[in-house]
Amino acid sequence: MNPLDLVAADELFSDEELAIRDTVRRFCADRIRPNLATWFEQGDLPARELAVELGAIGVLGMHLQGYGCAGTNAVAYGLACHELEAADSGVRSLVSVQGSLAMYAIYAYGSEEQKNEWLPQMAAGTKIGCFGLTEPDFGSNPAGMRTTAKRDGSDWVLNGSKMWITNGSIADVAIVWARTDEGIRGFLVPTSSRGFTANTVHGKLSLRASITSELVFEDLRLPADALLPRSKGLSSPLACLNEARFGIVFGALGAGRDCLEAAISYASTREVFDKPLSGYQLTQAKLAEMALELGKGMLLAERIGRLKDNGTLKPEHVSMGKLNNVRAALQIAREARTILGANGITLEYPVMRHANNLESVLTYEGTSEVHLLVIGQALTGVSAFR
Ligand code: FAD
């Protein structure tokens, strides 16, 4: 039995899905893992270089069809996220934001011209996108956003700010959601535009191998064709978020798996009171609970992936998966940390890095509380958001 897959979830995946997963796993082993401690410590990562390499293995916008995208199914995309996040949630965030937020927004709401201009370059990683929805005062409730886009002749003039924007300072294009006379609409904003500023957020204790930024728009003038013509209302950015959350359903468990692997390995070599830590019942109970949660989470992820691939996925399903699997991964990471004792707090082992990262994952793409409210609404028919 594979101790990291006690429920034999691997048997649920096709050869093609597993081949894609293995390609990403090898890439992470060769290119990402050896550098993670350094990137995390420095609070940075060579995102531009990495994006081109990630583009070359086909994971950027991989579940989209055409325009240079790989066109895989959703499950394969989930497994790729699982491997990327087993390395680091920050690297998975780079891929999620590029593919599921920025590229998906263009794919779903853009004109043919916009798709042809941006998607092939973004799939190749030669152009980087970010997605600006959250504002300093409006995270869980983006409907309150203050950023505006006002018509001036055929142009649009953008004013306002966005906060906590992944890839913001390195992006070539920002998908910005703004209030207009016709409700919330999406805009393609080249970051070279006059009036655009990105300020990197420093001092993060989580997702340090990821770039997070504030975006500021001051009388930023855009041509008429910067509007994503098919975007309409808040449901458009929320649909993008649902795409990215789907990746997290699989992804977070990757971090959990990496922690379980580290804990098993450590417990089998570390001697306490004259015998290996793995031989103690308390340790085995911890490992068993971790394996159980990982296994259950993988079964849930696979189910949600199949629902997505057969076109019957509902937002409530994604909420269940995101809520459960991030919570499970965080619990696994914290428990693994206890098994590693003092060593567990260092960057020599991955567990505390994953645990810290997962605190962000618990908050972004809908907090746990928001997902509980989504599920509660599905159960009762009553919205308890306000
Ligand atoms: P708040 O909305 O202020 O919530 C604070 C607390 O109140 C939370 O516990 C929340 O669950 C709770 N709460 C909220 N509403 C209710 C309610 N009705 N009932 C009970 N409790 C409630 N955003 C982007 O647009 N693009 C990005 O690329 C992006 N990247 C991010 C990267 C990182 C590292 C982080 C940390 C965040 C990122 N975000 C991004 C922002 C993220 O989506 C928001 O942080 C998230 O939506 C929560 O908003 P908030 O932080 O303002 O918290």
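Definitions and cut-offs
- Every chain begins its residue count from 1, and numbering advances along the sequence as written.
- Local features are withheld for residues below a pLDDT of 70 in this predicted model, meaning they are given only at 70 or higher, and side-chain atom pairs are given and counted only at 80 or more; totals for whole chains, interfaces and linings count all residues.
- Calculated side-chain values reflect all of the structure's heavy atoms, with hydrogen atoms and water omitted.
- When we say a residue is near a molecule or strand, we mean one of its heavy atoms is within 4 Å of it.
- Here a polar contact is recorded for every N or O atom pair within 3.5 Å, except that within protein the pair must consist of a potential hydrogen donor and a potential acceptor, and residues adjacent in sequence are included only if both atoms are side-chain atoms.
- Computed with a 1.4 Å probe, the accessible areas rest on the Shrake-Rupley method; for each residue, only the protein chains presented here act as cover.
- Comment: elements are numbered from the N terminus, with helices defined as DSSP H or I runs of at least four residues and strands as E runs of at least two.
- Gly is placed with the polar residues, together with every amino acid not listed as nonpolar (Ala, Val, Leu, Ile, Met, Phe, Trp, Tyr, Cys and Pro) or charged (Asp, Glu, Lys and Arg).
- Domain limits in this description derive from either an automatic procedure or a database domain assignment.
- Residue contacts are counted whenever heavy atoms from the two residues lie within 4.5 Å of one another.
- Summed over both partners, buried area is the accessible surface (1.4 Å probe) that two parts give up on being assembled.

**A word on the site of the ligand**
The ligand sits among 17 residues. The nearest are T134, S140, W164, T367 and E369. Measuring from a nitrogen atom of the ligand, one finds a side-chain N or O atom of T134 at 2.7 Å. Taking T166, its side chain carries an N or O atom lying 2.8 Å from a nitrogen atom of the ligand. Protein contact buries 67% of the 980 Å² of open area that the ligand shows by itself. Per-element tally for the shell around the ligand: the top contributor is strand β3 (residues 155-166), with three residues. In the shell around the ligand, the residues fall into eight nonpolar, seven polar and two charged. Residues from two domains meet in the shell around the ligand; each of domain 2 (129-226) and domain 3 (235-380) gives at least three.

**What about unusual backbone geometry?**
Despite not being glycine, W164 has its phi angle at roughly 65°, a positive value. On the secondary structure map, W164 appears in strand β3.

**Here's the deal with the domain arrangement of the protein**
Accessible area lost upon the coming together of the parts is a frequently used measure of interface size. Under the domain assignment used here, the protein contains domain 1 (3-124), domain 2 (129-226) and domain 3 (235-380). Distance from the C-alpha centre of domain 1 to the C-alpha centre of domain 2: 23 Å. Listed as interface residues are 25 residues of domain 1 and, on the opposing side, 19 residues of domain 2. Contact between domain 1 and domain 2 buries roughly 1,800 Å² in total, counting both sides, with carbon and sulfur atoms accounting for 68%. When the buried area of domain 1 at its contact with domain 2 is split by residue, F40, R48 and W118 rank highest and sum to 27% of it.

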